[in-house]
There are 2 protein chains.
Amino acid sequence: MLSKTCEYGIRATIFIALQSLMGMRTSLKYIAEEIDSPEAFTAKILQKLVRVKIIESSKGVNGGFNMASDRIKSTSVLDIVYAIDGYDICNRCVLGLSQCSSNNPCSVHHKFRPVREDLIALMNKTTVEEMALGIKDKLAILR
Amino acid sequence: MLSKTCEYGIRATIFIALQSLMGMRTSLKYIAEEIDSPEAFTAKILQKLVRVKIIESSKGVNGGFNMASDRIKSTSVLDIVYAIDGYDICNRCVLGLSQCSSNNPCSVHHKFRPVREDLIALMNKTTVEEMALGIKDKLAILR
DNA sequence: ACATATTCGGACACAAATGTCCTATTTTTT
DNA sequence: AAAAAATAGGACATTTGTGTCCGAATATGT
Ligand code: FES
Ligand code: FES
């Protein structure tokens, strides 16, 4: 469903948020360890998230990544997916037709579209804060 | 969501079913034209579907692909997806954890799992017949 | 100032998905 | 029997996703 890039991106963001909630900045190395992802690849993904300002970075000794508390609250899973995989997911036809529309629907459009919307709505209202708290309270795991 | 291979596979199957409902066998060339897919690549996909007996093929002059009427009724989208992409989709964690379980859930497991199940249930109960009839009645398109 | 620790960014490497080509095989028609 | 029309299947080619490496830039601590 999601690309690996997205999966790593979301997990990394959750961990950065978790650390930020505890007032800490986190290094790439530590992140990659904790979410069990390839370090150099994760770096690329984080760069992207920094560019769209979902997370912040600082270089040098004691540098690393962190997330502003308003961002933790306001950023949704969908925001991360958009930043990494782009906006297409929402408008792609399930059967791969060049365009998805109710005027010229494919054979499954009417049945599948609603579930799709549900999924997107869910991603849209699931915040990083919520996910990070799940980890903090040990209700969920990251690796 | 689905691989291109699956998308082509489903569209091709719908078209073969449609033709079979009208008592006709269909050649690869015609299928590829009608569903707007790369011919040689589509051939590979159809081979797979023949092997699992979702469709039937016959070689030689006037050969081609067809689908038995009981298959048209009994085959679901999920059957095709299973045949092509395998069984994994159902048990993969949304965030890419090595295993998805309620005991050790990721941060979105509890919220996303139900929607996922909905999607799978929908694929499971959407039959080839239903989709083919949509095309026949011009309520849907294939390309 | 210098050494060190860190992210940034480009280039490269590998793997998987997608797509093509050519020959073999089978069936039908002539 | 031969020719033609179709699928089957293996090998190859291309593209995209995933992942690595290394030098540059930048911030911190000594
Ligand atoms: S046209 Fe296929 S999902 Fe909308
Ligand atoms: S553990 Fe992530 S979806 Fe189930």
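Within any chain, residue numbers begin from 1 and follow the written order of that chain's sequence. Here the convention is simple: chains get letters from A, ligands get numbers from 1, in the order in which they are written. Totals for whole chains, interfaces and linings use all residues, but because this is a predicted model, local features are given only for residues with pLDDT of at least 70 and pairs of side-chain atoms are given and counted only at 80 or more. Think of the side-chain values as coming from all heavy atoms in the structure, minus any hydrogens and water.

Trainee: Let's hear about the pattern of salt bridges: which residues, and what values?
Mentor: Salt-bridge detection follows one rule: a side-chain nitrogen of Lys or Arg within 4 Å of a carboxyl oxygen of Asp or Glu. Taken as a whole and judged by the stated rule, the model has eight salt bridges over all chains. Note that glutamate 7 of chain B is salt-bridged to arginine 92 of chain A, the shortest N-O span being 2.7 Å. Placement of glutamate 7 of chain B in helix 1 (residues 4-21) and of arginine 92 of chain A in the loop between helix 5 (77-85) and helix 6 (109-125) is noted, with the two residues assigned to different chains. Buried, partly exposed and exposed residues are distinguished by accessible area as a fraction of the type maximum, computed with a 1.4 Å probe on protein chains only: under 20%, between the cut-offs, and over 50%, respectively. The exposure class assigned to glutamate 7 of chain B is buried, which follows from its relative accessible area of 2%. Of the residues examined, arginine 92 of chain A reaches a relative accessible area of 35% and is grouped as partly exposed. The salt bridge partner of glutamate 117 of chain B is arginine 113 of chain B, with a shortest N-O separation of 3.8 Å. Secondary structure counts use DSSP, requiring at least four H or I residues in a row for a helix and at least two E residues in a row for a strand, with both numbered from the N terminus.

Trainee: Got a sec to walk through the interface of chain A and chain B? Specific residues and values, please.
Mentor: Every contact between the two is made by 35 residues of chain A and, on the other side, 35 residues of chain B. Taking both partners together, chain A and chain B bury about 3100 Å²; carbon and sulfur atoms supply 66% of that area. Where chain A packs against chain B, one counts four salt bridges. Here lysine 111 of chain B ties to glutamate 130 of chain A by a salt bridge, and the two come within 2.7 Å at their closest N and O atoms. Any pair of N or O atoms that falls within 3.5 Å is considered a polar contact. Within protein, one atom must be able to donate a hydrogen and the other to accept it, and sequence-neighbouring residues count only if both atoms are side-chain atoms. Linking chain A with chain B are ten residue pairs in polar contact (both at pLDDT 80 or more), by the criterion used here. When residues of the side of chain A that touches chain B are traced back to their parent elements, those giving at least two are helix 1 (4-21), helix 6 and helix 7 (128-136) of chain A. Throughout, a residue-residue contact means that at least one pair of heavy atoms, one from each residue, lies within 4.5 Å. In this description, buried area is defined as the sum, over both parts, of the accessible area (probe of 1.4 Å) that is lost when the two are combined.

Trainee: Provide a residue-level description of the relation of the copies chain A and chain B, including the pertinent values.
Mentor: Least-squares superposition aligns the copies on the C-alpha atoms of those residues with pLDDT at or above 70 in both. Superposing chain A onto chain B requires a rotation of 180° together with a translation of 0.0 Å along the rotation axis, leaving an RMSD of 0.1 Å. On this basis, the relationship between the two copies can be described by a two-fold rotation axis. Of every C-alpha in chain A, the one belonging to methionine 1 of chain A sits nearest the axis of rotation, 2.5 Å from it.

Trainee: Got a sec to walk through the packing of helix 1 of chain B against helix 3 (residues 39-51) of chain B? Specific residues and values, please.
Mentor: All names here are of chain B. In this description, a line fitted to the C-alpha atoms serves as the axis of each element, helices being fitted only across the stretch in contact, and the angle between N-to-C directions of two axes falls anywhere from 0 to 180 degrees. Contact geometry of helix 1 with helix 3 gives a least axis separation of 10 Å together with a crossing angle of 70°. When the axis of helix 1 is compared with that of helix 3, the two are roughly perpendicular. Across the interface between the two elements, Thr5, Tyr8, Gly9, Ala12, Thr13 and Ile16 of helix 1 pack against Phe41, Ile45, Leu46 and Leu49 of helix 3. By definition in this entry, angles of less than 35 degrees are roughly parallel, angles greater than 145 are roughly antiparallel, angles of 65 to 115 are roughly perpendicular, and the rest are oblique.

Trainee: How would you summarise the environment of serine 37 of chain B if you had to cite specific residues and measurements?
Mentor: All names here are of chain B. Position of serine 37 among the secondary structure elements: in the loop between helix 2 (28-35) and helix 3. Residue serine 37 is classed as buried on the basis of its relative accessible area of 10%. Separated by 28 residues in sequence, serine 37 and glycine 9 have C-alpha atoms that sit 9.8 Å apart. Look past the residues within four positions of serine 37 in its chain and what remains in contact with it is Tyr8, Ala32 and Thr42.

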